[in-house]
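Secondary and tertiary structure notes
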Amino acid sequence: LIKLGEHTVSSGNTIYSAVFHPKKNEFFVRLYVASGDVWIRFSYNIITGEIIEIQRILSASSLSGSGRGSITFESYGRFFYALEIDVNQLKRFDVLNAVTGALTSVGTTAAGIYPQGVACDPTGKFVYVTNWSSATVQAYTINASTGALTSVGAVSTGTNPFTVACDPTGKFVFVPNWGSGTVQAYTINASTGALTSVGTTATEVNPYGVACDPTGKFVYVTNFTSSTVQAYTINAANRSGLHDQCSYRSINLGGGGGNGDTA
């Protein structure tokens, strides 16, 4: 990577989450402040990568919350969702006002205990939330007109599920389990959004981040204590379990207790 520059967004506050808009050259940053949410809207140049701060959206009474929680857009940019870890909720917002950029809160949905990760599937029909203390991943359907969420049930994970990712084909969901040292794979029911576990595979110590590549062939997991990132291949034709679906390679990121480059 080549550093292109930096932008100071806040002094004395914590940047908690960031997400790209799926249809615009924009991304949002969420700040963790004592008084509630602060959202910072950026544009970026697709050729140079330069970023420009467009707007700061301060929390109003309808938006207020802890500011602690992951954020995501619905896959077509129609709706925006934000977790509230401290009150076990998932907030739903209308799409941005084209003139003011304002976010309008239009409701909340109950999550499990201490929700950590949120992701939308690529079809724009489903949302998935991992619940750290409940040890579950919860599935919701999205109302295409209002963005309202309806739970279709939760399934078990390992200990302390952290983030969650949907593969770009809309077939799988992946969840790293911090306490278990595993990454778990689920298949998605294309009609209902319900999840079925197809197995786990071992990671290194305290996995917390997960991402799928745009081709749907690979999954990457970051391990906090090991200071490593692991690369997995997905066998989409074999749904008998994650051990059969994935092989991995680990790269030491430096620091921590990483085991170096292993195969």
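Refer to the preceding data block for the structure.
Fair warning: this is a prediction, and the values are worked out from it, not measured in the lab. (Residues numbered from 1 in each chain as written. Predicted model: local features only at pLDDT ≥ 70, side-chain atom pairs only at ≥ 80, totals over all residues. Heavy atoms only, no water.)

**Things to note about the environment of Ser-197**
- With respect to the helices, strands and loops of the structure, Ser-197 is situated in strand β16 (residues 195-202).
- The class for Ser-197 is partly exposed, based on a relative accessible area of 38%.
- In contact with Ser-197, other than residues within four places in its own chain, are Gln-184, Ala-185 and Tyr-186.
- Here the side chain of Ser-197 touches Gln-184 through a polar contact of 3.2 Å, side chain to side chain.
- Looking at Ser-197, its side chain comes within polar contact range of the main-chain nitrogen of Gly-199, at 3.4 Å. (Helix = DSSP H or I, 4+ residues; strand = E, 2+ residues; numbered from the N terminus. Buried < 20%, exposed > 50% of the residue type's maximum accessible area, 1.4 Å probe, protein only. Contact = heavy atoms within 4.5 Å. Polar contact = N/O pair within 3.5 Å; in protein donor to acceptor, adjacent residues only side chain to side chain.)

**A word on the sheet that holds strand β6 (residues 79-84)**
- The strand order across the open sheet built from four strands is β5-β6-β7-β8, with neighbouring strands paired in antiparallel fashion. Each having just a single partner strand, β5 (71-73) and β8 (105-110) make up the two edges of the open sheet. Averaged over all adjacent pairs, the angle separating strand axes in this sheet is 20°, with direction ignored.
- Relative to β8, strand β7 (residues 89-94) runs antiparallel, the two sharing five bridges. Within the sheet, the bridge partner assigned to Lys-91 lies in β8 and is Thr-108. (Pairing = 2+ DSSP bridges. Axes fitted to C-alpha atoms, helices over the stretch in contact; angles between N-to-C directions.)

**Section: the pairing of β16**
- Inspection of the sheet shows strand β15 (residues 182-188) paired to β16 by seven bridges, in the antiparallel sense. The partner of Tyr-186 across the bridge, within β16, is Ser-197.
- Counting the residues in the hairpin turn of β15 and β16 gives six residues, including Gly-193, whose phi is positive at 85°.

**Quick word on the layout of surface pockets**
- Each pocket or cavity is described by its volume, and for the largest pocket that value is around 750 Å³.
- In terms of lining residues, the largest pocket is bounded by 27 residues, among which Ala-18, Val-19, Phe-20, Ile-71 and Thr-72 are the most central.
- Elements supplying a minimum of two residues to the lining of the largest pocket: β1 (14-20), β5, β9 (115-120) and β17 (207-212).
- Among the residues forming the lining of the largest pocket, the class breakdown is 16 nonpolar, 10 polar and one charged.
- Estimated volume of the second largest pocket: approximately 260 Å³.
- Lining the second largest pocket are 15 residues, with Ala-165, Cys-166, Pro-168, Ala-211 and Cys-212 positioned closest to its centre.
- When contributions to the lining of the second largest pocket are tallied by element, the ones reaching two or more residues are β9, β13 (165-166) and β17.
- Counting residues per element, the lining of the second largest pocket draws most heavily on β17, which supplies three residues.
- Class assignment for the residues of the lining of the second largest pocket results in 11 nonpolar, one polar and three charged. (1 Å grid on protein atoms, 1.4 Å probe; cavity = no way out; pocket = protein on both sides within 12 Å on 5 of 7 lines; lining within 4 Å. Points joined across faces, edges and corners; volume = space filled by probe spheres on them. Nonpolar A, V, L, I, M, F, W, Y, C, P; charged D, E, K, R; others polar.)

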